[in-house]
Amino acid sequence: MCSVTCTSYVPTQNFSKLACKAYNNDAFDGIKSEKKLEIETDNDNREDKQFRGQDNAERIENDDGDIEAEGKMESTYRMHYKVGDVPAPHLSFMFGLQQVLLSISSTISIPLIVANEICAGDLDLVKSEIMSTFLFMCGVCTILQTAVGVRLPIIQGGCHKFIPAVAALMALPIWKCPDLSPVESMGVTGNGSEANFTLVPRFTDDERTTMWQSRMKEIQGGIILSALVQVVIGCTGILGLILNFIGPITIVPTITLVGLSLIDVALRFCQVHWGITSLTVCLVFLFSLYMSEIKLPLPAYSKRRKCHITMYPVFKLLPVILAVAISWGVCAILTVTDRLSSDPKSQEYFTRTDARTNVLETAEWFFFPYPGQWGLPTVSIASFMAMLAATMTSIIESVGDYYACARISCVSPPPTHAVNRGIAIEGFGSILSGIVGSGGATTSYSQNVGAIGFTKVASRRAFQVAGLIFLLCGLCGKFGALLTQLPDPVLGGIVLVSFGMVTAVGLSNLQFVSLQSSRNLVIIGTSLLIGLMAPRYIAANPGCIKTGDDEVDRVLTVLLSTAMFVGGFVGFVLDNTVPGSDEERGIKSWRKTYTADPNNVDSIEDDTYDLPFIMNCLRQHKWTTYIPFLPTFRFSIGKYLKGLCSKCRDR
């Protein structure tokens, strides 16, 4: 007989929660039956929480009328708007706009960096079109992820992990940018008495177009193929098998080196004007670290209190946007007072706010990205391998974001099918980005997940509205052109802070590892150093890899030039071959945080992760229990193999 102990449900959750502890696997079916009975008797209590827009509009305020700003990770913490809630339209717009403002500073830096890598850094109209395409795809991918993906409140934005891969690919001799500086052309005056010199472009407009589009198409092909692998991983459910061999010791050097390897990229923008860069960074620190608890009085409206003043944590929610606005304003003042050089050859010229104003005039009001707008994507093994390394890193981080988002949003951990579907939809979105030509792939944004903790808004609808705002911004060509006006040193300050955060996220995984173990210290330290040294050696010694096959040479050159791949690979091999216990390696605590039991009854019965409109149809067909990305998925390869082995022993 199986002994099972059950307790009553927790009233603070949106769903009835039956805590059951089974002492062997045979009890699972019985537990599911008991839980279904419990849910059926509790349906009346659950119905009134569905789509209560009017009540929700008042629930956003506490007794003092202030919006609480302290986020907690515990699942018992009350959200103003839960995942399934639908705020009033005006509130949905405000919450969605808030999420866009939180993520747009990280998003706009990627297309600008990619434009520089593909030799289009001085083509302002091209940069604005790439920017519009990128914003459009962020909106499409966010809507897909929240509607049919993992169905958690997650923003899909540009993935910084692809920047090192793009930089390594574009550093190959075949793709390296030529000298784009203008050349002097000698002419004579009308009377032929003296010569004069004028600067003319080194390449014609058609040659420049072919130059950057050929590089963009190479990036597109690599993103499409690597994203296709991501879709396969999500749809087949082999993610769990991959995670069995990946732990925090592999994650630390992989993600940390993403930030460290982008020092040169950040330096390229920061060195334009160190004063403005320093101002931007200091303002971000001031608002996000020193003034985060300060609330400002702002006008608000609710049906209960009508028009009133409420205290709002502006500095905590919008530190980057405020810093950019102030720094941009300072650049405008310096431009108007003519304190900055007006010579286009001067380094500080691109600190001026009028350095690129011509693009605002030439950009179209309406810009619609379409597949193949830059031409048919090209495919090479080198581009595929470079983007695949970035894709695998993105997958691992996204899985962590899913569980963190569920915990912050007060819902049960995402079951296996939701994680599989989220990864598959993320890959599908990246395929679309590659086909359209946004210059990068998309991934879940950790900063927006963390923001749920202090905004208290986990509504899926609000995040879908955020996706719609991104999409509309991408369709407006003038908006993309406006973002390209951002002075280079201001962008440098944003990039510096963003890359620093990426590095810190990687290092944060050390919390799971025993740092008293010399085994772990040697592996982590060696992985980081080799990850930094190999790309530097390749860059300093071009053509040093000679295998006799040009394609193999390019593949190895790209991989060894990608710091996150080198460091992650070294860490992966050493961590899985050097003896060490799971506790010492941090495997147990890491998996406890970032993985969930696929047979968890709460995850199975929580309708947060159900697909809209088709659940009744899915439950009528038994074959749907074998599809890893459907909510009806119940098949476990581990149990299947265990049963198969038992049958073999019996024979």
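Participant: Please give an account of the state of the cysteines that cites residues and values.
Facilitator: One pass over the structure, following the stated rule, counts one disulfide. In this model, C119 is linked to C177 through a disulfide, with the two sulfur atoms separated by 1.9 Å. Residues C119 and C177 are joined through a disulfide that is left-handed, its torsion about the S-S bond being -100 degrees. Linking C119 in the loop between helix 4 (89-117) and helix 5 (124-147) with C177 in the loop between helix 6 (162-170) and strand 4 (183-188), this pair joins segments that are 58 residues apart in sequence. What makes C177 partly exposed here is its relative accessible area of 31%. Left without a disulfide partner, C141 is nearest to the cysteine sulfur of C138, which lies 7.0 Å away.

Participant: Talk me through the packing of aromatic side chains; I want residue IDs and the actual numbers.
Facilitator: For the coordinates displayed, the defined rule picks out six aromatic pairs. Residues Y349 and F350 carry aromatic rings whose centres are separated by 5.2 Å and whose planes lie at 80 degrees to one another, so their mutual orientation is edge-to-face. Y349 sits in the buried class, given a relative accessible area of 15%. The exposure class assigned to F350 is partly exposed, which follows from its relative accessible area of 29%. Taking the ring centre of W365 as reference, the NZ or CZ of K478 above it sits at 5.5 Å.

Participant: Which residues make up a nonpolar patch on the surface, and what values go with them?
Facilitator: A surface patch of nonpolar side chains, amounting to about 520 Å² of accessible area, comprises I238, L241, F245, F569, F572 and V573. With three residues, the single largest contributor to the nonpolar patch is helix 23 (residues 563-577). Inspection of the secondary structure puts F572 in helix 23.

Participant: How would you explain the confidence of the model for the protein if you had to name every residue and give the values?
Facilitator: Mean pLDDT for the protein: 78, with 79% of residues reaching 70 or above. Every residue in residues 1-77 scores below 50 in pLDDT, and together they form 130 contacts with partners more than four places removed in sequence or on other chains. Low confidence marks residues 596-604, where pLDDT is under 50. Its contacts with residues over four positions away, or in another chain, come to 23 contacts.

Reading the values: the criteria
- Residues numbered from 1 in each chain as written.
- Predicted model: local features only at pLDDT ≥ 70, side-chain atom pairs only at ≥ 80, totals over all residues.
- Heavy atoms only, no water.
- Disulfide = S-S within 2.5 Å.
- Helix = DSSP H or I, 4+ residues; strand = E, 2+ residues; numbered from the N terminus.
- Buried < 20%, exposed > 50% of the residue type's maximum accessible area, 1.4 Å probe, protein only.
- Phe/Tyr/Trp six-rings, centres within 6.5 Å; stacked < 30°, edge-to-face > 60°.
- Lys NZ or Arg CZ within 6 Å of the ring centre and 35° of its normal.
- Patch = residues over 30% accessible without salt bridge, like charges linked within 9 Å, V, L, I, M, F, W, Y side chains within 5 Å.
- Areas by Shrake-Rupley, 256 points an atom, 1.4 Å probe, with all protein chains shown as cover.
- Salt bridge = Lys/Arg side-chain N within 4 Å of Asp/Glu carboxyl O.
- pLDDT = per-residue confidence, 0-100.
- Contact = heavy atoms within 4.5 Å.

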